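Survey of secondary and tertiary structure
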Amino acid sequence: MAEITNLNQFRKQKARAEKKARGDANAAKFGRTRAERTQSEASEEAARRQLDGHKREPGTDEPEA
């Protein structure tokens with residue numbers, strides 16, 4: 001004899017699995033932890049400050065004689 005299956009439970013279980021799969025895909029695509037974001041922003045700011053520190057002012061390329 002066949003095993004009885006509750007179709008409502010089956011439908012809800014399938015929906016949960018699809019939602020979890022979609023969430024995992026989004027986490028892989030967009031997800032970064034707060035620490036990763038903070039560290040990335042800090043390194044970008046440090047690189048920006050270093051680059052700005054090496055900029056030359058217009059007209060100061062020639063040495064004064």
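Calculation rules
Residues numbered from 1 in each chain as written. Predicted model: local features only at pLDDT ≥ 70, side-chain atom pairs only at ≥ 80, totals over all residues. Heavy atoms only, no water. Helix = DSSP H or I, 4+ residues; strand = E, 2+ residues; numbered from the N terminus. Buried < 20%, exposed > 50% of the residue type's maximum accessible area, 1.4 Å probe, protein only. Areas by Shrake-Rupley, 256 points an atom, 1.4 Å probe, with all protein chains shown as cover. Lys, Arg positive; Asp, Glu negative; His and termini not counted. Charge placed at Lys NZ, Arg CZ, Asp CG, Glu CD. Salt bridge = Lys/Arg side-chain N within 4 Å of Asp/Glu carboxyl O.

On to the overall build of the chain, then. In terms of regular secondary structure, the chain is built from 2 helices and 0 strands. Each principal axis of the C-alpha distribution contributes one length, and for the chain these read about 105 × 20 × 15 Å. Looking at the 65 residues of the chain, the share that counts as buried comes to 2%. When the accessible surface of the chain is summed, it comes to about 6,900 Å², and 52% of that surface belongs to carbon and sulfur atoms. If you average the places of the 15 positive and of the 12 negative side-chain charges in the chain, the two averages end up 18 Å apart.

Now for the environment of Ala15. Mapping Ala15 onto the fold places it in helix H1 (residues 7-30). Residue Ala15 is classed as partly exposed on the basis of its relative accessible area of 41%. When the C-alpha positions of Ala15 and Thr38 are compared, they lie 35 Å apart, and in sequence the two are 23 residues distant.

Right, let's get into the pattern of salt bridges. Following the criterion strictly, the structure yields 4 salt bridges and no others. Taking the shortest distance from any N to any O, the salt bridge between Glu45 and Arg48 comes out at 2.6 Å. Of this pair, Glu45 and Arg48 both sit in helix H2 (residues 34-53), 3 residues apart, which is roughly one turn of that helix. Residue class for Arg48 comes out partly exposed when judged on its relative accessible area of 43%. Through salt bridges that share partners, Glu45, Arg48 and Arg49 make up one connected network.

Let us look at the environment of Gly53. Note that Gly53 resides in helix H2. Judged by relative accessible area, which is 61%, Gly53 ranks as exposed. Separated by 19 residues in the primary sequence, Gly53 and Arg34 have C-alpha atoms spaced 28 Å apart.

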